[in-house]
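Summary of structural features
Chain by chain, the residues run as shown.
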Amino acid sequence: QITPTLDYSSFDKVDVVIEAVLENTKVKQAVLSEVENYTSEDAILCSNTSTISIDTLAESLTRPENFCGMHFFNPVHKMPLVEVIRGENTSESTIARTVNYALAMGKKPVVVRDCPGFLVNRILSPYLGAFMTLVREGVDFTVIDKVMERFGMPMGPAYLCDVVGLDTGAHAGSVMAEGFERMSRDFKTAGEILFENGLLGQKNKQGFYQYKADKKGRLKKVVDHEVKELLATHVVSNSNVDKQEIEERLMIPLCLEAVRCLEDNIADSANDVDMALIYGIGFPAFHGGALRYIESIGIAKFVELADSYSKHGALYLPTEKLRAMAASGTSFFH
């Protein structure tokens, strides 16, 4: 049922338009304002941006009430989640129709509010930041990947960076650092180093890993010792961390950002946060999502654990509300 076209001549008949051009604010604003001229008064415009503010993109539109985010996750044919992002001026009708459209596609929509990275990428960013810090400390990225796969993640963070694209990751990292001071870093990350050396990940078959076709033509990751040597020149210390510490160093920032998203009302409920993580990044369902995972440890014990890593910076600091929950024994789930 797909009719390809190279112009806007039939856009007056469509109900929903999803923009998915380059992740650049000016380019997206130009395309969105142009296409709005060709659509009907009640047509919905959506952006598949992964990081750019919906309110910023809406500034170029004459009908911002008909505009929202509709963020799909890679690989799109496998990942069920779609974030439907509500801008300041987005109407309830636009949200309802976009949610119905996602459901008709067989997707799992979760409605979130506008902020840098929205819900899932905002929560994922501190996790990847913690990974980059460990690599800088001399921890082997292949070991980190194995630890997180054992935890239940569908792929480790190095492999995930390659799948997303190291160019995309570098751009997203700068957007998140601009939006949240705690996510900024005073060093060049392993991902940025590889990107600067022309390694983009799976898209050019060279990233943290090399990608070689097997007999069936499928790309398989292979350890590249030249990459390890390149990253070794940027190591500042040689941390002697065990598997448990690797897991805790990555999971605490992820879980705390999930808590902050709930406190900031980016999602409506703890269930929405956890569902988005399970369907969006493949957070292991048997852990129940980040907030269920905190409760399985015990909120008071989790706060104590996070405090024990406080020397690693603001990403490891529990919120005051979480400390109050730990003291009173309350739950995220009512």
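I will try to describe carefully the structure that is included in this document. Keep in mind that this is a model prediction, so the values were computed, not measured.

1. Examining the overall build of the protein
- The helix and strand tally for the protein stands at 14 helices and 7 strands.
- Expected size for 334 residues packed as a compact globule is a radius of gyration near 20 Å; at 21 Å, the protein falls within 12% of this value.
- Overall, the protein is about 60 × 55 × 35 Å in size when its C-alpha atoms are taken along their principal axes.
- Expressed as a percentage of its 334 residues, the buried residues of the protein come to 47%.
- Counting only contacts in the protein whose residues sit at least 6 apart along the sequence, the fraction spanning at least 24 positions is 69%.
- With the model as given, the accessible surface of the protein reaches about 16100 Å², and the carbon-plus-sulfur share is 51%.
- If you average the places of the 34 positive and of the 45 negative side-chain charges in the protein, the two averages end up 8 Å apart.

2. Considering the nonpolar core
- Phe-131, Phe-208, Met-251, Leu-254, Phe-283, Leu-291 and Phe-332 are the most contacted members of the largest nonpolar core, which has 89 residues in total.
- Here this core gets 11 residues from one element, more than from any other, and that element is helix α10 (residues 243–263).
- Beyond its immediate sequence surroundings of up to four residues, Met-251 is in contact with Tyr-127, Met-148, Phe-151, Met-153, Phe-283 and Tyr-293.

3. Description of helix α6 (residues 157–164)
- Counting buried positions along α6 yields 6 of 8 residues, so the element is predominantly enclosed.
- Taken residue by residue, α6 has Pro-157, Ala-158, Tyr-159, Leu-160, Cys-161 and Asp-162 as its buried positions.
- In the core, the buried residues of α6 are packed alongside α4 (120–136), α5 (141–151), α7 (166–179), β6 (209–213), β7 (219–223) and α10.
- Remark: Gly-165 follows α6 within two positions and exhibits a positive phi of approximately 110 degrees.

4. Thoughts on the packing of aromatic side chains
- On inspection of all chains with the given rule, the structure shows 10 aromatic pairs.
- Here the aromatic rings of Tyr-159 and Tyr-209 are separated by 6.4 Å at their centres, their planes lie at 80 degrees, and the arrangement is edge-to-face. Of the two residues, Tyr-159 sits in helix α6 while Tyr-209 sits in strand β6, which places them 50 residues apart along the sequence.
- Of the residues examined, Tyr-209 reaches a relative accessible area of 4% and is grouped as buried.
- If you follow Lys-221 out to its NZ or CZ, it ends over the ring of Tyr-159, 4.6 Å from the centre.

5. A few points about the pattern of salt bridges
- A complete count under the given rule lists 19 salt bridges for this structure.
- Across the salt bridge formed by Lys-13 and Asp-12, the nearest N and O atoms sit 3.8 Å from each other.
- By relative accessible area, Lys-13 is classed as exposed at 66%.
- When its relative accessible area of 43% is taken as the criterion, Asp-12 is described as partly exposed.
- A salt bridge links Glu-23 to Lys-28, with the shortest nitrogen-to-oxygen separation between them at 3.8 Å.
- With a relative accessible area of 22%, Glu-23 lands in the partly exposed category.
- A relative accessible area of 1% means that Lys-28 is categorised as buried.
- Members of the salt-bridge network, linked through shared partners, are Arg-122, Arg-182, Glu-257, Arg-260 and Asp-264.

6. A few points about the environment of Glu-248
- Looking at the secondary structure, you find Glu-248 in helix α10.
- Considering only alpha carbons, one finds Glu-248 and Gln-202, 46 residues apart in sequence, at a separation of 28 Å.
- Setting aside its immediate chain neighbours within four residues, Glu-248 contacts Pro-253, Leu-305 and Tyr-309.

7. Considerations on the packing of α4 against α5
- It is the contact of α4 with α5, at a shortest axis distance of 10 Å, that shows an interaxial angle of 140 degrees. Relative to α5, the element α4 lies oblique. Classified by chirality, the crossing of α5 by α4 is right-handed. Each of Tyr-127, Phe-131, Leu-134 and Val-135 in α4 lies in contact with α5, whose residues at this interface are Phe-141, Ile-144 and Met-148.

8. Some thoughts on unusual backbone geometry
- One non-glycine residue, Phe-118, lies in the positive phi region at around 55 degrees.
- Within the secondary structure, Phe-118 sits in the loop between β5 (108–113) and α4.
- Look at Phe-118 and you get buried, because its relative accessible area is 0%.
- Although it is not a glycine, Asn-265 sits at a positive phi angle of roughly 60 degrees.
- Inspection of the secondary structure assignment puts Asn-265 in the loop between α10 and α11 (270–280).

9. Some details on a positive patch on the surface
- On the surface, Lys-146, Lys-216, Lys-220, Lys-221 and Lys-243 cluster together to form a positively charged patch.
- One can find Lys-146 in helix α5.
- By relative accessible area, which is 58% here, Lys-146 ends up exposed.

How each quantity is defined
- Residues numbered from 1 in each chain as written.
- Predicted model: local features only at pLDDT ≥ 70, side-chain atom pairs only at ≥ 80, totals over all residues.
- Heavy atoms only, no water.
- Helix = DSSP H or I, 4+ residues; strand = E, 2+ residues; numbered from the N terminus.
- Rg over C-alpha atoms; globule rule 2.2 N^0.38 Å.
- Buried < 20%, exposed > 50% of the residue type's maximum accessible area, 1.4 Å probe, protein only.
- Contact = heavy atoms within 4.5 Å.
- Areas by Shrake-Rupley, 256 points an atom, 1.4 Å probe, with all protein chains shown as cover.
- Lys, Arg positive; Asp, Glu negative; His and termini not counted.
- Charge placed at Lys NZ, Arg CZ, Asp CG, Glu CD.
- Core = buried A, V, L, I, M, F, W, Y, C linked by side-chain atoms within 4.5 Å.
- Phe/Tyr/Trp six-rings, centres within 6.5 Å; stacked < 30°, edge-to-face > 60°.
- Lys NZ or Arg CZ within 6 Å of the ring centre and 35° of its normal.
- Salt bridge = Lys/Arg side-chain N within 4 Å of Asp/Glu carboxyl O.
- Axes fitted to C-alpha atoms, helices over the stretch in contact; angles between N-to-C directions.
- Parallel < 35°, antiparallel > 145°, perpendicular 65-115°, else oblique.
- Left-handed = near helix turned anticlockwise from the far one by under 90°.
- Patch = residues over 30% accessible without salt bridge, like charges linked within 9 Å, V, L, I, M, F, W, Y side chains within 5 Å.

So far we have only geometry, and geometry alone does not tell us how the molecule works.
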